[in-house]
Amino acid sequence: MPNKKKKAARVPMPEQAPEIRKRNFEEVPTGYTVKMAQQEAARCLQCKKPACVDGCPVEVDIPGFINLLTEGDLTAAIRHIWSTNALPAVCGRVCPQEIQCEGKCILAKRGEAVAIGNLERFCADYERENGTGALPPTQARTGKKVAVVGSGPSGLTVAGDLIIKGHDVTIMEAFHKPGGVLVYGIPEFRLPKEIVAQEVNFLERLGVKVECNMVAGRTVSLDELFEQGYGAIYLGVGAGLPSFMNIPGENLIGILSANEYLTRANLMKAYKFPEVDTPIPMGKKVCVLGAGNVAMDAARTAMRLGAEQVRIVYRRSRDEMPARKAEIHHAEEEGIEMFLLTNPVRYIGDESGRLTAMECIKMELGEPDDSGRRRPVAIKGSEFEMETDLVIVAVGSGANPLLTKSTPDLALNKWGYIEADLETGKTSKKGVWAGGDIVTGAATVILAMGAGRVAANSIHKYLTWGW
Amino acid sequence: MFNIVKREEMAEGTVILNEIQAPLIAAKAKPGQFVILKANEDGERIPLTMADTNPEKGTITIIYMVVGKSTALFKDLKVGQGYQDVIGPLGKPTHIEKTGKVLCVGGGTGVAVLHPITRAMKEAGNHVICVIGSRNKGLLILEDKMKSASHDLRICTDDGSYGHHGFVTDIVKEVLEKQSIKQVVAIGPVPMMKAVCNITKQFNIPTLVSLNPIMIDGTGMCGGCRVTVGNETKFACVDGPEFDGLQVNFDELTLRLKAYCDEEKNCYEDYCRLTD
Ligand SMILES: Cc1cc2nc3c(=O)[nH]c(=O)nc-3n(C[C@H](O)[C@H](O)[C@H](O)COP(=O)(O)OP(=O)(O)OC[C@H]3O[C@@H](n4cnc5c(N)ncnc54)[C@H](O)[C@@H]3O)c2cc1C
Ligand SMILES: Cc1cc2nc3c(=O)[nH]c(=O)nc-3n(C[C@H](O)[C@H](O)[C@H](O)COP(=O)(O)OP(=O)(O)OC[C@H]3O[C@@H](n4cnc5c(N)ncnc54)[C@H](O)[C@@H]3O)c2cc1C
Ligand code: SF4
Ligand code: SF4
Ligand code: FES
């Protein structure tokens, strides 16, 4: 029997055709049917020592939920996932599975891994569309109050865990809408905002209070929250500081950080301008600097906004591109060009201050650097000009100092990220925990959620036992 | 919802005052800080400086000029209605200290932003001279308030319909020549601030200006509000909005403010057609 299973090909995910989807904002993969999901689930060998689980940062019991799915018990399957992962509809869509669960799957060694992400997504979508909407039981109220600052995946996880454990939880979010990067960063065509809204709504139904327009450090300070009777505070404020290249001409009109570009497009829905009030620059020849998920998202957004040409400009080679493989593949299918081993050196504008071109230099790979990747080195005299009217800078992000500056007793590392104990999430300030991108630097949704779970357990102990 | 408790039209209906219920912000705000407002679900996030706050009543006051679609939408909001979102207080408060003689210069709606700063400068024990200007008498705002916030108020209009006939810079020059001013504060349209700084530069007097680049989040997250000050890039929403005017690259700011000019113009015209 196992032999037969090994040969079955991975069930492909149905998708909108590239020619069509590259001009609309609807989700690209359209999801498995029940039949497809069960067919794919049947490929799993139900390993006794499942390597896939080791690859998942929160250790979802992958063979366990897949088994329930094969048996047709979809209600039990999703509940099984929820016990370790509160946001499977999100993770199934955005986790870099090829280096996590699927990368470790035994079948990956000899062919194609089980499509774990697709199956997780299927279970969550099925429950959302057909489930009873029943809430999990919550423990008796303890009367203790917890403030969760930031409503990204990390904060949402903490809120969900602690409300179930009986504490009163209030999420405070600086933006006018909750969800963090899930709403302002990751585009609609990769993660429909309706899904995030439903996850937040689920927490609200459990009793979590969500207060938007609350900028911790400005509208309210951490010490004031303690004065108001909060017993513990979790900081999940993300890595919201855009990096620029610091090269001449960077303040010309037409050069935006990916944060700004994607916030306009996603949070402010500027792709519907003028139906909504926030505009977004409509580039004809667009260059995106960087090659991570953020860069792919920006490039594919530009394509959907009608660009004639979209280029990813990256100083290393294809092997070093940090984006999920699926996103790179999708981007190329949509006609996005890869300009590898190329680095911008300055921007050129016209008399009205608008960007018209970018001067670049060719790079080659030298000796490995600290990160173990071969260091890109400029090739002397290889400068050339590239015509462009919109550059989106997606070369990383740093720690936003707004909150930490206003909280001097919070210890930071040399890059400005909050120091937190990895086992508990505790910071140097009593009663304050932190996790997610503000501790690790820009990472992934599932790592931010994992940090949230660790902190929630520690906060629960602290509120219950005082340690 | 952040309710409007008081609404006034000023400067022949081109400038609107709203007093808004926002107790958390009112309790914290200091002169020079701003809020970001969004009227409804699909609205734009618009930064406006607080012209006043009343912590006891839990209200903040904004005064804005109707220049485009979003401010036109704000203008249509009546008492009892409100803004879906108000975020703040944002930006650094004005650095107020006793230096001796201070000259405060305001143009257009900049006078609204200047008012709480002027008042605080006087309360800090400075002798405050004030110059405010507008295109004509009808467009002048807050004359009475500025009178009581300062020791000496001078007024000018471009067309001579009230006060001195000419620009605020004429008076600035005259005052600087005759008196020993320790600090200048200039808030108004970018060309006005630039012109004032060109004069104060000659006298080498520290000059505070309040910059108004295009913003989105107001928390240092997007970098859309970048301005060049002393050859360094700064984010106006967190590093400002007030900067040393002698160091500011006003020409770059002027260009950057036009980034969405065409889009905004069409959008505003459509809105006016719809509501006419
Ligand atoms: C465009 C883009 C694409 C990505 N794609 C992927 C992907 O495909 N897969 C993947 O795994 N990861 C991806 N990531 C990374 C992932 O989204 C992040 O690692 C994750 O969201 C971090 O979660 P978080 O909870 O730590 O913070 P965030 O999601 O950043 O949320 C932080 C929240 O805190 C709020 N906040 C900040 N300061 C304050 C304050 N002072 N007061 C109140 N609230 C505050 C912010 O407004 C924000 O809502 C992507 C990131 C981006 C930007
Ligand atoms: C920190 C800060 C404080 C401010 N305080 C005040 C205030 O107290 N009172 C007040 O009247 N205005 C203030 N402004 C300016 C105000 O935000 C803009 O007038 C407003 O955003 C215009 O929106 P709109 O949609 O109505 O016009 P738009 O349609 O966006 O623009 C109309 C015209 O105004 C220009 N414009 C766009 N954004 C700005 C901007 N931020 N500043 C100046 N011109 C702009 C456009 O290029 C266009 O020519 C402040 C701006 C900032 C950044
Ligand atoms: S949470 Fe992410 S890594 Fe874990 S099993 Fe699901 S898709 Fe894989
Ligand atoms: S490693 Fe692969 S085959 Fe084995 S249990 Fe996990 S998903 Fe199934
Ligand atoms: S408005 Fe986004 S960084 Fe200042």
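Quantities reported herein were computed from a predicted structural model and do not represent experimental measurements.

1. What about the overall build of chain B?
Looking only at helices and strands, chain B features 9 helices and 16 strands. Taking 276 residues into account, the globule formula puts the C-alpha radius of gyration at 19 Å, and chain B, at 18 Å, falls close to it. Taken over the C-alpha atoms alone, chain B extends approximately 50 × 40 × 40 Å along its principal axes. For chain B, buried positions account for 57% of its 276 residues. Nonlocal contacts in chain B, meaning residues at least 24 apart in sequence, comprise 65% of its contacts between residues at least 6 apart. Of the accessible surface of chain B, which amounts to about 11,400 Å², a share of 50% is contributed by carbon and sulfur atoms.

2. A closer look at the nonpolar core
Within the largest apolar cluster, 55 residues are counted, with the highest numbers of intra-cluster contacts made by A:Tyr347, A:Met358, A:Val391, B:Leu103, B:Val105 and B:Leu211. Looking at which domains feed residues into this core, each of domain 1 (2-90) and domain 2 (101-260) of chain B supplies at least three. Every residue in contact with B:Val105, bar those within four places of it in the chain, is listed here: B:Leu114, B:Val131, B:Val168, B:Val172, B:Val184, B:Val185, B:Ala186, B:Ile187, B:Met192 and B:Val196. Counting residues in hydrophobic clusters, the runner-up holds 51 residues, among them A:Ala41, A:Ile66, A:Ile116 and A:Phe175.

3. A closer look at the site of ligand 3
All names here are of chain A. Taken together, the residues surrounding ligand 3 are Cys56, Pro57, Ile62, Asn85, Cys91, Cys95, Gln97, Gln100, Cys101, Glu120 and Ile446. Placement of ligand 3 is best described as lying within the second largest cavity. Looking at side-chain class alone, the shell around ligand 3 contains 7 nonpolar, 3 polar and 1 charged residues.

4. Let's talk about the pairing of strand S3 (residues 34-38) of chain B
Residue and element names in this part refer to chain B. Counted residue by residue, S3 has 5 buried out of 5 residues, so it is predominantly covered. On S3, burial covers both faces: Phe34, Ile36 and Lys38 on one face and Val35 and Leu37 on the other are all buried. When S3 meets strand S4 (residues 46-54), the two strands line up antiparallel, connected through 4 bridges. Pairing of Ile36 across the sheet is with Pro47, part of S4. By the bridge criterion, 4 bridges tie S3 to strand S7 (residues 85-90) in an arrangement that is antiparallel. Looking at the pairing, Phe34 lines up with Leu90 of S7.

5. Overview of the side chain of A:Arg304
Residue and element names in this part refer to chain A. Inspection of the secondary structure puts Arg304 in helix H16 (residues 293-304). Assessed through its relative accessible area of 5%, Arg304 is described here as buried. Beyond its immediate sequence surroundings of up to four residues, Arg304 is in contact with Arg21, Lys22, Arg23, Asn24, Phe25, Val28, Phe189 and Glu334.

6. Section: the layout of surface pockets
All names here are of chain B. Estimates place the volume of the second largest pocket at around 1,500 Å³. Lining of the second largest pocket is provided by 46 residues; of these, Pro47, Val67, Asn212, Pro213 and Leu257 occupy positions nearest its centre. Among the residues forming the lining of the second largest pocket, the class breakdown is 26 nonpolar, 13 polar and 7 charged. Two domains each donate at least three residues to the lining of the second largest pocket, and these are domain 1 (2-90) and domain 2 (101-260).

7. Remarks on the site of ligand 4
Residues and elements named next belong to chain A. Around ligand 4 lies a shell formed by Cys44, Leu45, Cys47, Pro50, Cys52, Pro63, Cys105, Ile106, Val114 and Ile116. In a pocket analysis with a 2 Å cut-off to the grid points, ligand 4 is assigned to the largest cavity. Taken together, the residues of the shell around ligand 4 sort by class into 10 nonpolar, no polar and no charged.

8. So, the interface of chain A and chain B
With 43 residues of chain A at the contact, the number on the chain B side is 44 residues. Carbon and sulfur atoms supply 55% of the area buried between chain A and chain B, which totals about 3,500 Å² over both sides. Considering only the side of chain A, the residues that lose the most area to chain B are A:Arg218, A:Asn251 and A:Asp277, jointly responsible for 23% of the buried surface there. The partner of B:Lys28 in a salt bridge is A:Glu224, and the shortest N-O contact between them spans 2.7 Å. Our count for the contact surface shared by chain A and chain B stands at 20 residue pairs in polar contact (both at pLDDT 80 or more). Secondary-structure elements contributing two or more residues to the side of chain A that touches chain B are strand S5 (241-242), strand S6 (255-257) and helix H15 (258-267) of chain A. Taken together, the residues of the side of chain A that touches chain B sort by class into 21 nonpolar, 13 polar and 9 charged.

9. A closer look at the sheet that holds strand S2 (residues 15-21) of chain B
Residues and elements named next belong to chain B. Across the sheet, 7 strands lie side by side as S6-S1-S2-S5-S4-S3-S7; this open sheet has antiparallel pairing. On the outer flanks of this sheet lie strand S6 (82-83) and S7, each paired with one strand and no other. Relative to S2, strand S1 (residues 2-10) runs antiparallel, the two sharing 6 bridges. Directly across from Lys6, in S2, lies its bridge partner Glu19. The strands touched by helix H3 (residues 110-123) within the sheet are S4 and strand S5 (59-65), with S4 carrying the most contacts at an inclination of about 40°.

10. Overview of the confidence of the model for chain B
Here chain B shows a mean pLDDT of 91. Residues at 70 or above account for 99%. In the model output, the complex is listed with pTM 0.93 alongside ipTM 0.92.

11. Here's the deal with the pattern of salt bridges
Residues and elements named next belong to chain A. Under the definition given, this model contains 40 salt bridges over all chains. For the salt bridge of Arg21 with Glu334, the shortest nitrogen-to-oxygen distance reads 2.5 Å. Taken as a pair, Arg21 in helix H2 (residues 18-21) and Glu334 in the loop between helix H17 (325-333) and strand S9 (337-339) lie far apart in primary sequence, 313 residues in all. There is no split in this pair, since Arg21 and Glu334 are both buried. The closest approach of N and O atoms between Arg121 and Glu27, which form a salt bridge, is 3.1 Å.

12. Points about the sheet that holds strand S3 (residues 209-211) of chain A
Residue and element names in this part refer to chain A. If you trace the 5 strands from one edge of the open sheet to the other, you get S3-S2-S1-S4-S16, paired in parallel fashion. Lying at the two open borders of the sheet, with one neighbouring strand each, are S3 and strand S16 (432-434). Each adjacent strand pair in this sheet contributes to an overall mean axis angle of 20°, direction not counted. Bridge analysis of strand S2 (residues 168-172) against S3 gives 3 bridges, and the strand direction is parallel. Bridging from a neighbouring strand, Met172 pairs with Glu211 of S3. Set on the sheet, helix H20 (residues 445-465) makes contact with strand S1 (145-149), strand S4 (232-235) and S16; between it and S4 the angle comes to about 170°.

Rules used in this analysis
Residues numbered from 1 in each chain as written. Chains lettered and ligands numbered in written order. Predicted model: local features only at pLDDT ≥ 70, side-chain atom pairs only at ≥ 80, totals over all residues. Heavy atoms only, no water. Helix = DSSP H or I, 4+ residues; strand = E, 2+ residues; numbered from the N terminus. Rg over C-alpha atoms; globule rule 2.2 N^0.38 Å. Buried < 20%, exposed > 50% of the residue type's maximum accessible area, 1.4 Å probe, protein only. Contact = heavy atoms within 4.5 Å. Areas by Shrake-Rupley, 256 points an atom, 1.4 Å probe, with all protein chains shown as cover. Core = buried A, V, L, I, M, F, W, Y, C linked by side-chain atoms within 4.5 Å. Domains from an automatic or database assignment. Near = heavy atom within 4 Å. 1 Å grid on protein atoms, 1.4 Å probe; cavity = no way out; pocket = protein on both sides within 12 Å on 5 of 7 lines; lining within 4 Å. Sits in = over half its atoms within 2 Å of the grid points. Nonpolar A, V, L, I, M, F, W, Y, C, P; charged D, E, K, R; others polar. Pairing = 2+ DSSP bridges. Points joined across faces, edges and corners; volume = space filled by probe spheres on them. Buried area = accessible area lost by both parts, 1.4 Å probe. Salt bridge = Lys/Arg side-chain N within 4 Å of Asp/Glu carboxyl O. Polar contact = N/O pair within 3.5 Å; in protein donor to acceptor, adjacent residues only side chain to side chain. Axes fitted to C-alpha atoms, helices over the stretch in contact; angles between N-to-C directions. pLDDT = per-residue confidence, 0-100.

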